[in-house]
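One letter stands for each residue in the lines below.
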Amino acid sequence: MPPLLLEQKQRVFENAPLFEHCEVAAFVAYRGDVAVGRITAQLDSLQPEVEGKRLGYFGMIEAEDSADVFAA
């Protein structure tokens, strides 16, 4: 059974020092009304720019074993 959404938010986004200097967006993939995957995207303000562009990262990926979910 996955942790409660409130517990995940408090544990990850509110208590992790990384997110004091990161912009973060969290996404959930649904098939109908059922959540089948999740992922976050981060932009770290402390990361140096490369060729004048900011670097982004993906993390916290969790999904069912399905090429369709990962493609979405």
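Cut-offs and rules
Here the residue numbering is sequential within each chain, running from 1 through the sequence in written order. Local features are withheld for residues below a pLDDT of 70 in this predicted model, meaning they are given only at 70 or higher, and side-chain atom pairs are given and counted only at 80 or more; totals for whole chains, interfaces and linings count all residues. With hydrogens and water excluded, all non-hydrogen atoms of the structure serve as input to the side-chain values. Think of it this way: DSSP has to see at least two bridges between two strands before they count as a pair. Numbering of helices and strands runs from the N terminus; a helix is a DSSP stretch of H or I covering at least four residues, while a strand is a stretch of E covering at least two. Fitted lines through C-alpha atoms give the axes, limited to the stretch in contact for helices. The angle between two N-to-C directions lies from 0 to 180 degrees. A simple rule labels every residue: compare its accessible area, found with a 1.4 Å probe on the protein chains alone, to the largest value its type can have, and call it buried under 20%, exposed over 50%, or partly exposed in between. Under this definition, polar contacts are N or O atom pairs within 3.5 Å; protein pairs additionally need one hydrogen-donor-capable and one acceptor-capable atom, and for neighbouring residues in sequence, both atoms have to be side-chain atoms. Contacts were defined at the residue level, with two residues in contact if any of their heavy atoms lie within 4.5 Å. Each patch is built from residues lacking any salt bridge and having more than 30% relative accessible area; the joining distance is 9 Å for like charges and 5 Å for nonpolar side chains (Val, Leu, Ile, Met, Phe, Trp, Tyr). A 1.4 Å probe and the Shrake-Rupley method give the accessible areas. Residues count as covered only by the protein chains that appear here. One speaks of a salt bridge when a side-chain nitrogen belonging to Lys or Arg is within 4 Å of a carboxyl oxygen belonging to Asp or Glu. The pLDDT score gives, residue by residue, the confidence of the prediction method on a 0 to 100 scale.

Chemist: Would you mind showing me how to read the sheet that holds strand E2 (residues 34-44) here?
Modeler: One key point about sheets: their strands pair by backbone hydrogen bonds, in either a parallel or an antiparallel sense. Here we have 3 strands laid out as an open sheet, ordered E1-E2-E3, and antiparallel in their pairing. The open sheet has two edge strands with one neighbour each: strand E1 (22-31) and strand E3 (56-63). Recorded for the sheet is a direction-independent mean angle of 20° between the axes of neighbouring strands. In terms of strand pairing, E1 meets E2 through 10 bridges, oriented antiparallel. Residue pairing across strands places Phe27 opposite Ile39, the latter belonging to E2.

Chemist: What's the story with the side chain of Gln42 in this structure? I'm lost.
Modeler: Within the secondary structure, Gln42 is located in strand E2. Under the relative-accessibility criterion, Gln42 is labelled buried at 10%. Polar contacts involving the side chain of Gln42 include one to the side chain of Thr40, which spans 2.5 Å. Setting aside anything within four residues of it in sequence, one finds Gln42 in contact with Phe19, Glu23, Val24, Leu55, Gly56, Tyr57, Phe58 and Gly59.

Chemist: It is not clear to me how a nonpolar patch on the surface should be interpreted in this structure. Could you clarify?
Modeler: A surface patch of nonpolar side chains, amounting to about 230 Å² of accessible area, comprises Val50, Leu55 and Tyr57. By the secondary structure assignment, Leu55 is in the loop between E2 and E3. Note on Leu55: relative accessible area 31%, which makes it partly exposed.

Chemist: Explain the confidence of the model for the protein here, please?
Modeler: Close inspection of predicted coordinates is inappropriate in any region flagged by low pLDDT. On average, the protein scores 80 in pLDDT, and the residues at 70 or more come to 78%. In the model of the protein, helix H1 (residues 5-13) stands out as the element of lowest mean pLDDT, 63, in contrast to E2, which has the highest, 88.

Chemist: Is there a simple way to think about the pairing of E2 in this case?
Modeler: Every regular strand shows the same layout, with side chains that alternate between the two sheet faces. Between E1 and E2, which follow one another and run antiparallel, lie 2 residues, and Gly32 among them has a positive phi close to 70°. Where E2 and E3 come together, 6 bridges link them in antiparallel fashion. If you follow Gly37 over to E3, its bridge partner there is Ala63.

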